[in-house]
Amino acid sequence: MEKVILIRYGEIFLKGKNFGYFEKLLKENIEDKIKDFNCELVVINKRLYVRGYEDRAEKKILSALETVFGLTSISPAVMLETSVEAINDYVSTIKLKEKTFRVTLNRADKRFPMTSIEYSAKLGGIILKNNPKIKVDLHTPEVEVSVDIRENGSTFIFSSVIPAVGGMPIGSSGTGMLLLSGGIDSPVAGYMMAKRGMRISALHFHSYPYTSEAAKEKVITLAKLIKKYTGSFKLHICSFTKIQEEIHHKCNSEFMITIMRRIMYRIAERLSEQNKIQSIITGENLGQVASQTVESMTVTNDVVKNIPIFRPLISFDKEEITAISKKIDTYETSILPYEDCCTVFLPKHPVIKPKKFQCEKEESKLDIESLIAEALENIEVVEI
């Protein structure tokens, strides 16, 4: 008998002839997560499990596996040689605290001498004998003892199924440049795109001295928090102070936010192209603020010519976004009271339905190419 952790995945089963590619990526991502625990990932007949770990490391391994995109659930289990005697002996040691239970048996090895119904009833009887205060409930049991008899001569027995994050393996859906502010939305947007298999980098705009060094450190902390799910990435920190001052001094204040965001997107696209990144990711949410109306997003999109912009939170309400931010432990950091660059020189009445020709008229007052070039030359890169 050996303690193992069973691993289950979901969506990649649908990938047909490409299944091997997705399974390989998933295997690599799992191995990266558990590399510090001196254990082994085993793949047999589309069954994955971890073995060879010390008992004291089990909880940490489970926590690491819960964050691997592509996994649907995990279970601490025991693995034993398939035989009626070995299975019976182990089941006879099971002690249950719950009041009701059932046994679920999967007989993948059809050579096993009893049917699933026959043997699950027999195992239920053994459990009842050793747990006299418990009752069988086949419909809504408090605990389910699962017995999985595999074709390779091994049987897995477990009673706990821990949900994982689901989604697709990181690296299976290209790359994206996340516009990471210090707010609630953008870390969640990065998490959501990583869940779909996208490998991310990030870009943060800061406006020192109008924004503090603490605000910058807050964003670095947020990046480290989402790294738990996304894996390591580069955070690019771009000074936006001079650009904002130029817009403030030379452009109609009503267009401050719109022009600022158009320049941000230009910088994001050029930085993406320099780093061979295929898309831009934002935490924008339709109608949430003035820069997130259909009209505002249309004129912002207009400056990005060669790569798509993904807005995974576009239809979410604030409560849904907040719930995810709490789930991934970014919420408490996001609400720390440090201003980001979007609050600098904020106009009293920002335009909410800008038109392209109006934006271009305001931008003609700026030397945009020179401002962008200078910003790109001075970007700081932080390895997360």
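A word on the overall build of the protein
A count of helices and strands for the protein gives 13 helices and 15 strands. Taking 21 Å as the expected radius of gyration for a compact globule of 384 residues, we find that the protein reaches 27 Å, considerably beyond that expectation. For the protein, the spread of C-alpha atoms along the principal axes amounts to about 85 × 40 × 35 Å. Burial analysis of the protein (384 residues in total) assigns 52% to the buried set. Carbon and sulfur atoms make up 51% of the accessible area of the protein, which amounts to about 18800 Å² in all. Treating the 53 positive side-chain charges of the protein as one cloud and the 50 negative ones as another, the clouds have centres 4 Å apart.

Things to note about the packing of aromatic side chains
Scanning the entire structure with this criterion turns up 10 aromatic pairs. Their ring planes at 90 degrees and their centres at 5.1 Å tell us that Tyr 191 and Tyr 229 sit as a pair that is edge-to-face. One end of the pair, Tyr 191, is in helix α5 (residues 185–195); the other, Tyr 229, is in helix α6 (residues 213–230), with 38 residues separating them in the sequence. Since its relative accessible area comes to 2%, Tyr 191 is described here as buried. Since its relative accessible area comes to 8%, Tyr 229 is described here as buried. By the ring-pair criterion, three or more aromatic residues cluster together here, those being Tyr 9, Phe 13 and Phe 19.

A closer look at the environment of Asp 329
Turning to its location among the elements, Asp 329 is positioned in the loop between α10 (318–327) and α11 (331–334). You can call Asp 329 partly exposed: its relative accessible area is 46%. Separated by 43 residues in the primary sequence, Asp 329 and Leu 286 have C-alpha atoms spaced 24 Å apart.

With respect to helix α13 (residues 368–377)
Within α13, the full set of buried residues consists of Ile 368, Leu 371, Ile 372, Ala 375 and Leu 376. Buried residues along α13 cover an arc of 130 degrees about the axis, so they all sit on one side. Where the residues of α13 are buried, they touch β12 (234–239), α7 (241–250), α8 (256–274) and α12 (356–363).

A few points about the side chain of Ser 186
Structurally, the position occupied by Ser 186 is in helix α5. Assessed through its relative accessible area of 4%, Ser 186 is described here as buried. The contact partners of Ser 186, leaving out residues within four places of it in the chain, are Leu 178, Leu 179, Leu 180, Ser 181 and Gly 283.

Concerning helix α3 (residues 84–91)
Those residues of α3 lying buried are Ile 87, Asn 88 and Val 91. Angular distribution of buried residues about the axis of α3 spans 100 degrees; they occupy a single face of the element. In this fold, the buried residues of α3 make contact with β4 (71–81), α4 (116–130), β7 (143–149) and β8 (154–158).

Observations regarding unusual backbone geometry
Here the residue pair Tyr 208 and Pro 209 is connected by a cis peptide bond, since its omega of 10 degrees sits within 30 degrees of zero. The residue Pro 209 is located in the loop between β11 (199–206) and α6 in this model. Its identity as a non-glycine residue notwithstanding, Lys 276 has a phi of 55 degrees, on the positive side. A positive phi angle, close to 65 degrees, is found at Asp 329, a residue other than glycine.

Focus on the pairing of strand β2 (residues 40–44)
As paired strands, β2 and strand β3 (residues 47–51) are joined by 5 bridges and run antiparallel to one another. Opposite Leu 41, over in β3, you have Val 50 as the bridge partner. Between β2 and β3, which pair antiparallel one after the other, the connecting turn spans 2 residues, and Asn 45 there sits at a positive phi close to 50 degrees.

A word on the nonpolar core
Grouped together as the largest cluster of nonpolar side chains are 35 residues, with contacts concentrated most on Leu 203, Ile 247, Ile 263 and Ile 267. When residues in this core are grouped by element, the largest group, 9 residues, is from α8. Contacts of Ile 247, omitting those with residues within four sequence positions, involve Met 256, Ile 259, Met 260, Ile 263 and Leu 366. Counting residues in each nonpolar core, the second largest holds 31 residues, with Phe 69, Ala 189, Ala 194 and Ile 200 among its members.

Examining the side chain of Thr 258
By the secondary structure assignment, Thr 258 is in helix α8. Relative accessible area serves as the criterion here: at 5%, Thr 258 is assigned to the buried category. In this structure, Thr 258 is in contact with Val 299, Val 351, Pro 354 and Cys 359, ignoring residues within four places of it in sequence.

Rules used in this analysis
Residues numbered from 1 in each chain as written. Predicted model: local features only at pLDDT ≥ 70, side-chain atom pairs only at ≥ 80, totals over all residues. Heavy atoms only, no water. Helix = DSSP H or I, 4+ residues; strand = E, 2+ residues; numbered from the N terminus. Rg over C-alpha atoms; globule rule 2.2 N^0.38 Å. Buried < 20%, exposed > 50% of the residue type's maximum accessible area, 1.4 Å probe, protein only. Areas by Shrake-Rupley, 256 points an atom, 1.4 Å probe, with all protein chains shown as cover. Lys, Arg positive; Asp, Glu negative; His and termini not counted. Charge placed at Lys NZ, Arg CZ, Asp CG, Glu CD. Phe/Tyr/Trp six-rings, centres within 6.5 Å; stacked < 30°, edge-to-face > 60°. Arc of directions from axis to C-beta. Contact = heavy atoms within 4.5 Å. Pairing = 2+ DSSP bridges. Core = buried A, V, L, I, M, F, W, Y, C linked by side-chain atoms within 4.5 Å.

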